[in-house]
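Structure assessment
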Amino acid sequence: MSFSVDLINWYQKNKRELPWRNTKNPYYIWLSEIILQQTRVEQGKSYYLKFEKEFPTVRALANADEQKVLNMWQGLGYYSRARNLKKAADQVITEFNGVFPTDYKNLLKLKGVGKYTAAAVASFSKNERVPVVDGNVYRVISRYLNIDEPINTPKSYKIFSEAALELMENSRPDEFNQAIMEFGALHCTPTNPKCDKCPLSDQCTALVLNRVKDLPVKKKKTKVRERFFNFIITNNASGLAIEKRDQKGIWQNLYQFPMIETKNHKHQFSELKKLIETDDRFQNHKVSKVTQIGSDRKHLLSHQRIWARFYEVEFESETVYHESIVRTKSLESYPIPRLIERFVEEEAPHYLK
Ligand code: SF4
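Looking at an unreviewed UniProt entry, the chain carries the name Adenine DNA glycosylase, with the source organism given as Salibacter halophilus. Its UniProt record gives the chain the following Catalytic activity (unreviewed entry) comment, quoted word for word: "Hydrolyzes free adenine bases from 7,8-dihydro-8-oxoguanine:adenine mismatched double-stranded DNA, leaving an apurinic site." In its Sequence similarities (unreviewed entry) section, the UniProt entry covering the chain states "Belongs to the Nth/MutY family."

Structure, rendered in structure tokens:
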């Protein structure tokens, strides 16, 4: 039998029941695809159900406050996805008269929608003949056809999407696309693929050539930037001091404890004290005590490795801070980066009450 027939037969028997699989509504499909980017299916499921319930239509999402969307996104990371979600919903209302587009070309016009998401929405909702190419698809195809081309270069998308289109043959694009992704996620996995009970094993070139472990090929990534963050926690009668990250870059529009970035973490408490006392935000107030809370934390982003330290700082007198500092009794209603959320959950849960 052919690749697509074997694959779809496998899918019919093995597919997982997922809430977004039983709909043709492009809005729901798009919602699930954005949530699932860089998120495990199990984790994404509860967020999908929450968003679907709170915003049952694209208009409901467009009418929502961005802060509310960010709050609901908390825990998923990569907040630019949440911001784009809201912007794309606005676009559907203003540019598409409130009707969610279903064709590949128009879907690509939406903020945050790339080739993969556009192909998924167009094929799942309207059976448009466009292949989806995600990490799972790259892996299955590179092994099945023994393709050595690295999967993370600018030209790889074209090579693999053309191969996927050929393998699709006469099958239905929605079924084929769902099937190949599910097959990569459950069967032809990065490590320990189930080659011994694989319906494609007869024609799988990598298996025949004993190259399964070598594929897919990835080009080495660019260097990761190391950053050292010192978070200053001050808590007194006026409340906990936090600030909004207005500048472009990571965590834009999220809240954090006032942060001082240093070149490394080799400084002594006395040096940190000086940095705080000369920082505009603290208006030259004298520090009386600095205590590190918990141990150093590492947080990985796509091109950055953040090393974070959290300090509880007391001042000699009751302080008035710079206007950029917000005082609050609880962090609960503020969207905060996952790094800070984890710290608070583990070391200072009272800040969430
Ligand atoms: S035989 Fe192994 S490598 Fe080839 S498609 Fe099946 S699971 Fe993947």
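Here we look at the layout of surface pockets
If you add up the space inside the largest pocket, you get close to 1000 Å³. Along its surface, the largest pocket is lined by 35 residues, and L36, Q37, Q38, T39 and D134 are the ones closest to its centre. Elements represented by at least two residues in the lining of the largest pocket include exactly α2 (26-36), α6 (80-95), α8 (115-126), α9 (135-144) and α11 (173-186). Along the lines of polarity and charge, the residues of the lining of the largest pocket split into 12 nonpolar, 13 polar and 10 charged. Roughly 640 Å³ of internal volume is contained in the second largest pocket. Along its surface, the second largest pocket is lined by 23 residues, and L76, G77, Y78, Y79 and L301 are the ones closest to its centre. Going through the elements one at a time, α6, β6 (287-300) and α14 (338-347) are the ones with two or more residues in the lining of the second largest pocket. Among the elements that make up the lining of the second largest pocket, the one with the highest residue count is α6 (3 residues).

Notes on the site of the ligand
R143, F183, H187, C188, P193, C195, C198, S201, C204, L207 and V212 make up every residue found near the ligand. Judged by its atoms lying within 2 Å of the grid points, the ligand is housed in the largest cavity. A class-by-class count of the residues in the shell around the ligand yields 8 nonpolar, 2 polar and 1 charged.

Reading guide: rules and limits
Residues numbered from 1 in each chain as written. Predicted model: local features only at pLDDT ≥ 70, side-chain atom pairs only at ≥ 80, totals over all residues. Heavy atoms only, no water. UniProt positions renumbered as here; feature names shortened; annotations may be inferred. 1 Å grid on protein atoms, 1.4 Å probe; cavity = no way out; pocket = protein on both sides within 12 Å on 5 of 7 lines; lining within 4 Å. Points joined across faces, edges and corners; volume = space filled by probe spheres on them. Helix = DSSP H or I, 4+ residues; strand = E, 2+ residues; numbered from the N terminus. Nonpolar A, V, L, I, M, F, W, Y, C, P; charged D, E, K, R; others polar. Near = heavy atom within 4 Å. Sits in = over half its atoms within 2 Å of the grid points.

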